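# Structural characterization, general
Residue strings, one per chain:
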Amino acid sequence: MDLNTIESDDIGTVAGQPAARATAAKKVFIKTYGCQMNVYDSQRMSDALAADGYTATDAIGEADLVLLNTCHIREKAAEKVYSELGRIRDMKAERADAGRELLIGVAGCVAQAEGAEIIRRSPAVDLVIGPQTYHRLPDVLARVRGGEKIVETEYAIEDKFEHLPRPRRAEIIKRGVTAFLTVQEGCDKFCTFCVVPYTRGSEVSRPVAQIVAEAERLAEAGVREVTLLGQNVNAWHGQGENGEEWGLGRLLFRLAEIPGLARLRYTTSHPRDMDDELIAAHRDLPSLMPYLHLPVQSGSDRILKAMNRRHTAEDYLALLDRIRTARPDIALSGDFIVGFPGETDADFEATMELVRQVNYASAFSFKYSPRPGTPGADMPGHVPESVKDERLQLLQALLLKQQQDFGSSLVGSSIDTLIEKPGRQAGQKVGRSPWLQPVIVDEKAGEIGDIIQVRITKTGYNSLFAELA
Ligand code: 5AD
Ligand code: SF4
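Just so you know, these numbers come straight off a predicted model, no measurement behind them.

The rules behind these values
Residues numbered from 1 in each chain as written. Chains lettered and ligands numbered in written order. Predicted model: local features only at pLDDT ≥ 70, side-chain atom pairs only at ≥ 80, totals over all residues. Heavy atoms only, no water. Helix = DSSP H or I, 4+ residues; strand = E, 2+ residues; numbered from the N terminus. Rg over C-alpha atoms; globule rule 2.2 N^0.38 Å. Buried < 20%, exposed > 50% of the residue type's maximum accessible area, 1.4 Å probe, protein only. Contact = heavy atoms within 4.5 Å. pLDDT = per-residue confidence, 0-100. Pairing = 2+ DSSP bridges. Axes fitted to C-alpha atoms, helices over the stretch in contact; angles between N-to-C directions. Nonpolar A, V, L, I, M, F, W, Y, C, P; charged D, E, K, R; others polar. Core = buried A, V, L, I, M, F, W, Y, C linked by side-chain atoms within 4.5 Å. Phe/Tyr/Trp six-rings, centres within 6.5 Å; stacked < 30°, edge-to-face > 60°. Lys NZ or Arg CZ within 6 Å of the ring centre and 35° of its normal.

### As for the overall build of the protein chain
For the protein chain, the helix and strand inventory stands at 15 helices and 21 strands. On C-alpha atoms alone, the protein chain measures out to a radius of gyration of 23 Å, which is about the 23 Å that the 2.2 N^0.38 rule sets for 469 residues. The principal-axis extents of the C-alpha atoms in the protein chain amount to approximately 65 × 60 × 50 Å. By residue count, 57% of the 469 residues in the protein chain fall in the buried class. Look at the contacts in the protein chain between residues 6 or more apart in sequence, and 72% of them connect residues 24 or more apart.

### As for the confidence of the model for the protein chain
The predicted model of the protein chain has a mean per-residue pLDDT of 92, with 94% of residues at 70 or higher. In this model, residues 1-23 is a region of pLDDT below 50 whose contacts with residues beyond four sequence positions or in other chains number 67 contacts.

### What to know about the sheet that holds strand E17 (residues 414-422)
With mixed pairing, five strands are arranged side by side around a closed barrel as E17-E18-E19-E21-E20. With strand direction ignored, the average angle separating the axes of adjacent strands in the sheet is 55 degrees. Pairing of strand E20 (residues 451-459) with strand E21 (residues 464-468) involves five bridges; the strand directions are antiparallel. What sits directly across from isoleucine 456, in E21, is alanine 466.

### Considering the packing of helix H11 (residues 276-284) against helix H13 (residues 313-326)
Closest axis-to-axis distance for the H11/H13 pair is 8 Å, and the angle between their directions is 35 degrees. Between H11 and H13, the residues in contact are Asp276, Ile279 and Arg283 and Leu319, Arg322, Ile323 and Ala326, respectively. Broken down by class, the residue content of the contact of H11 with H13 amounts to four nonpolar, no polar and three charged.

### Section: the nonpolar core
For soluble globular proteins, nonpolar side chains are generally found buried alongside one another. Counting 57 residues, the largest nonpolar core has Leu228, Tyr266 and Tyr360 as its most contacted members. Looking at which element gives the most residues to this core, the answer is H13, with seven residues. Apart from residues no more than four positions distant in its own chain, tyrosine 360 is found in contact with Val296, Tyr316, Leu332, Ser333, Gly334, Phe336, Leu354, Val355, Leu399, Gln402 and Gln403. Ranked by size, the runner-up nonpolar core spans 35 residues in total, among them Ile60, Ile73, Ile118 and Cys187.

### Notes on the sheet that holds strand E16 (residues 362-367)
The strand order across the open sheet formed by three strands is E14-E15-E16, and the pairing between neighbours is parallel. Of all strands in the sheet, those with a lone pairing partner are strand E14 (291-293) and E16, marking the two edges. Strand-to-strand twist of the sheet, defined as the mean angle between neighbouring strand axes without regard to direction, takes the value 10 degrees. Sheet analysis places E14 next to strand E15 (residues 331-338), joined by three bridges and oriented parallel. When the bridges of E15 are listed, histidine 293 appears paired with serine 333.

### Concerning the environment of arginine 44
Take arginine 44: it is sitting in helix H1 (residues 36-50). Taking the C-alpha atoms as reference points, arginine 44 and glycine 176, separated by 132 residues in sequence, lie 15 Å from one another. Residue contacts for arginine 44: discarding those within four places in its chain leaves Leu164, Pro165, Arg166, Pro167 and Glu214.

### A closer look at the packing of aromatic side chains
Going through the model one piece at a time under the given rule, you end up with four aromatic pairs. Here the aromatic rings of phenylalanine 336 and tyrosine 360 are separated by 5.3 Å at their centres, their planes lie at 90 degrees, and the arrangement is edge-to-face. Linking phenylalanine 336 in strand E15 with tyrosine 360 in the loop between helix H14 (345-358) and E16, this pair joins segments that are 24 residues apart in sequence. Aromatic side chains phenylalanine 406 and tryptophan 435 sit 5.7 Å apart centroid to centroid with 85 degrees between the ring planes, which places their arrangement in the edge-to-face category. With a gap of 29 residues between them, phenylalanine 406 in helix H15 (residues 385-409) and tryptophan 435 in the loop between strand E18 (428-432) and strand E19 (438-442) connect regions that are remote in the sequence. The buried category is assigned to tryptophan 435, whose relative accessible area is 11%. A cation sits over an aromatic face here: lysine 458 above phenylalanine 465, 4.8 Å from the ring centre.

### A closer look at unusual backbone geometry
Cis rather than trans, the peptide bond between threonine 267 and threonine 268 has omega equal to 5 degrees. The residue threonine 268 is located in the loop between strand E13 (263-267) and H11 in this model. In this structure, asparagine 359 takes a positive phi of about 65 degrees despite not being glycine. Summarising the element assignment, asparagine 359 is placed in the loop between H14 and E16. Taking the relative accessible area as the measure of exposure, asparagine 359 reaches 44% and is therefore partly exposed. Positive phi, close to 70 degrees, is recorded for leucine 436, a residue that is not glycine. Position of leucine 436 among the secondary structure elements: in the loop between E18 and E19.

Below is the structure:
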């Protein structure tokens, strides 16, 4: 899937929070696990529920409906959901004693993969809804309130985008000056480690008109930076406004025309779908940020083959050469898996060597986690956990060093920064560099939504400090 996982904070104390409500309006608390697409989906569920009279809350103790938007990409993600459900079940029981209802829903990829099993394992759950059917949430809730338990896991993705309500202007403004926009969902690649083709279904691209309309709406509400999302975003294709078949490159050229949208990004891509027009977009579009997340997973051709990636390490490096020729200041990010079945020390060393050659600005790396139902899970030669640990440590140390070197290389240079939000410390604001690093500036440097030129003065662990250039 190649979407970076961002674990959201734990809820903390679930039981014992105040249950009082200020108004009679129903409230929904949505907790999001996993990738940016789940973040986007949670917002859209929130939009759909708003049409059904729910307001969103950040306090689980106020909620009449708790939705967990789950991730199935690695083992720990699903286990976390089950332990969270245990805590929410206790809260539901306390509520019932006080004569008030609390509905519990599980959405996302665990919902899709586990279906009715979730209700068997956690009987307090009222509804299980897969990612392709979020537009049916209001109907499903009506049936749940009528006493049914619902498991809704059909693949009906074309319907989803057609029927979800448009993001509301007030909500867009609240969500800030950067936004996600899903353009493609699902995957037909079937990498042998990955559950995504099973949980998100086969590849579907949203139509051009829908995407352009949503991007325009975001821009009108003040969004400056849009990240196009897809499990295989560069496999996106559709019929353009001129009747021709468009790929992602052409779509980016179109979106770059929208007034107010100063920055475009897309994630996550597969190396096999980087076509000439997309590379041309990197060459010709100043608003397409010079930062590319292009996962390779392994540097060993033997392992790449076993993973069904359908390219070699050499293919990947040659592709990067072409991209860097088109856009010399582009910085690379990637995903890696260590300890795929059959991975030897030599295979792992090939990964380390590839990382040394590419020099990543940032990257995500994971221990292989067998996913039931995927071909990798049944392959021989599973790697002991201790070996995976060792390899992960070595790889992460190398990637961290590259990330820090990249940050240091920017000290003294002037870069554009999009001011995003107030800083954690008084007197500061936080911006975002073209390469997604947080940039800490004086709060008087500009207003939220401004793009300003700053000079980098020093680096933090994960951020840059800057002054007005
Ligand atoms: N085990 C470990 N990592 C995985 N990823 C996907 N499936 C697995 C798995 N079974 C990683 C890949 C992908 C990222 C989102 O998660 O590196 O690009
Ligand atoms: Fe990405 Fe491969 Fe998973 Fe598709 S099957 S989502 S390409 S890792």
